[in-house]
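Each chain, written out:
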Amino acid sequence: SAIKVGFIGLGNMGAPMAANLARAGCIVSGFDTALTSPEGVTIVSDPAAAAQNADVVITMLPNGAILKQVAACVLPTMPKGALLLDCSTVDVESARDVAAQAEDAGILFVDAPVSGGIGGAAAGSLTFMAGGSDTAFAKAKPMFDIMGQKSVHCGASGAGQAAKICNNMILGATMVATCEAFALADKLGLDRQKMFDVVSTSSGSSWSMNTYCPAPGIGPETPADNEYTPGFASELMVKDLGLSQQAAAAVDADTPMGALALALYTRFVEEEEGLGKDFSAMLPRFVARSRP
Ligand code: NAD
C-alpha cells in the first residue's frame, strides 16, 4: 500500500520534494510554520499531526536548533519502527543528538543532507549523503529514489552531515581560489576564455571552474551569465562554511582554508555586495579590489 509521509519544512527545497513524493503515489501530510501549499500535499495544523501514522517523517528545516525542537515534538507521536529522515543541512552534533533521541523512542533515524539545490529538488535529481544504520538507510532508500538520482550511505549517524560540510568547505575554498585567479589573470592581461581553456583541462580544474565558471560568457551557462542571481546564494555558503568550522573546532581539526573562505564570504555578505548574490559573485568582488 502507499507509503505515508509526514513532511515538515515546506520551504524552497521542502515544497518541491514533498510534491515529488505525492506525484510518485505517497500519501503526504505537510506542516510548515509559514503558509504554503505544495501540489498533492495535505496541510495539517501541527507537526505531530503530520507524524501520526506516518511510515516516514521527513524534515527540511533551517538549522539544528529547529530540527531538535521539531524532533522532540514528532518522535513521541510516530509509530514504533517508523523512520525520521532529516534532509536539512545542520551541525553534526545536532544530527547525532536527534539520532540518540530517536533510538530512545524506538524510531529509525537517517541524516541525509542534499546537494543539487532548488533545481535538483524540483527535478527530483538531488544527491543524498546519508548517515545511520543499514536498516534505517534501507527504509530511506525508496524516498531517496523518488526525490533524487543518487544516494551514498556514508556511515553511522552524523556521517551524512560530515560529508556535506566537507564537500562544501572544498567548494567554498575552490570558488575563492578560482575567482582570485581570474582577477589576477585579468590584471596580467590574460584573456578569460584562454584562462578557462587552459585551467579547465589542467591541474587547476575543479567543479568551480569547469561546471560553475564564475566568469560571465565563459564555459557552461551559470549564474554568472544571469547577473549572479542564485543558484547558490552567498549567505548559504556562509552557513555551510560556518558548520564546517564549528565541526572542525569540536574535533580539533586544522582547517585554515575553510576558515579563510568563511571569513571572506562573511565579509562579502555582511559588509560588501554579497547578500542575495550567487557565491560565484566573488569574481567581480576580487576584480573591484586592489591588493590590501
Ligand atoms: P527555506 O527557508 O526556504 O525553508 C525552510 C522552511 O522551514 C521554511 O518554509 C520555514 O517556514 C520552515 N520552518 C521553520 N521553522 C519551522 C518549524 N518549527 N516547523 C515547521 N517548519 C518550520 O530553506 P530551504 O532553502 O528550503 O533549505 C532547507 C534546508 O536545506 C536548509 O537546511 C538548507 O541549508 C538546506 N539546503 C538548501 C539548499 C538550497 O539551495 N536552498 C541546497 C542544499 C541544502
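Our structure is the block above this text.
Residues numbered from 1 in each chain as written. Predicted model: local features only at pLDDT ≥ 70, side-chain atom pairs only at ≥ 80, totals over all residues.

Our focus in this paragraph is the overall build of the chain. What the chain contains, in helices and strands, is twelve helices and nine strands. The C-alpha radius of gyration of the chain comes to 20 Å, within 12% of the 19 Å expected for a compact globule of 292 residues. Within the chain, buried positions represent 49% of all 292 residues. Once local pairs closer than 6 in sequence are excluded, the contacts in the chain between residues at least 24 apart make up 60%. (Helix = DSSP H or I, 4+ residues; strand = E, 2+ residues; numbered from the N terminus. Rg over C-alpha atoms; globule rule 2.2 N^0.38 Å. Buried ≥ 20, exposed ≤ 12 C-beta atoms within 10 Å, placed from the backbone. Contact = placed C-beta atoms within 7 Å.)

Time to look at helix α6 (residues 134-147). If you check α6, its first and last C-alpha atoms are 20 Å apart, about what 14 residues at 1.5 Å a residue would give, namely 20 Å. For α6, the principal kink sits at Ala140 and spans about 35°; a proline, Pro142, occurs within the next four residues. Here α6 has its buried residues at Ala136, Phe137, Lys139, Ala140, Met143, Phe144 and Met147. Buried residues belonging to α6 abut α1 (14-23), β4 (56-59), β5 (83-86), β6 (108-111), β8 (126-131) and β9 (148-155). (Expected span 1.5 Å × (residues − 1). Bend = angle between axes of the 7 residues up to and from the residue.)

Residue Pro230 is joined to Gly231 through a cis peptide bond whose omega torsion reads 10°. Along the chain, the position of Gly231 falls in the loop between α9 (207-210) and α10 (234-251). Notably, Asn53 is not glycine yet its phi reads approximately 65°, a positive angle. Note on placement: Asn53 falls in the loop between α2 (47-51) and β4. Judged by the 14 C-beta atoms lying within 10 Å of it, Asn53 is partly exposed. With phi around 60°, Tyr228 is a residue other than glycine that occupies positive phi space. Take Tyr228: it is sitting in the loop between α9 and α10. Accessibility expressed as a C-beta count within 10 Å gives 24 for Tyr228, which makes it buried.

Not every one of the 26 residues close to the ligand is listed here, only the nearest: Gly11, Asn12, Met13, Ser88 and Thr89. Per element, the largest residue contribution to the shell around the ligand is three residues, and it comes from helix α3 (residues 64-74). For the shell around the ligand, the class distribution of residues is 15 nonpolar, nine polar and two charged. (Near = placed C-beta within 6 Å. Nonpolar A, V, L, I, M, F, W, Y, C, P; charged D, E, K, R; others polar.)

For the pair helix α7 (residues 159-187) and α10, the least separation of the axes is 9 Å and the interaxial angle reads 120°. What the angle tells us is that α7 and α10 run oblique. Between α7 and α10 lies a crossing whose hand is left-handed. Residues Ile165, Asn168, Met169 and Gly172 of α7 form the contact with α10, whose own contacting residues are Met237, Asp240, Leu241, Leu243, Ser244 and Ala247. Considered class by class, the residues forming the contact of α7 with α10 number six nonpolar, three polar and one charged. (Axes fitted to C-alpha atoms, helices over the stretch in contact; angles between N-to-C directions. Parallel < 35°, antiparallel > 145°, perpendicular 65-115°, else oblique. Left-handed = near helix turned anticlockwise from the far one by under 90°.)

Take α7 next. The end-to-end C-alpha distance of α7 is 42 Å, a good match for the 42 Å that 29 residues give at a rise of 1.5 Å each. One or two residues past the end of α7 sits Gly189, with phi positive at roughly 80°.

Moving on, we get to the pairing of β5. Along β5, one buried face is formed by Leu83 and Leu85 and the opposite face, lined by Leu84 and Asp86, is buried too. Summarising the sheet, β4 and β5 pair through four bridges and their orientation is parallel. Its bridge partner lying in β5, Val57 is registered against Leu84. On the question of chirality, the crossover connecting β4 to the parallel β5 by way of α3 is right-handed. (Pairing = 2+ DSSP bridges. Right-handed = clockwise from strand over helix to strand, strands pointing away.)

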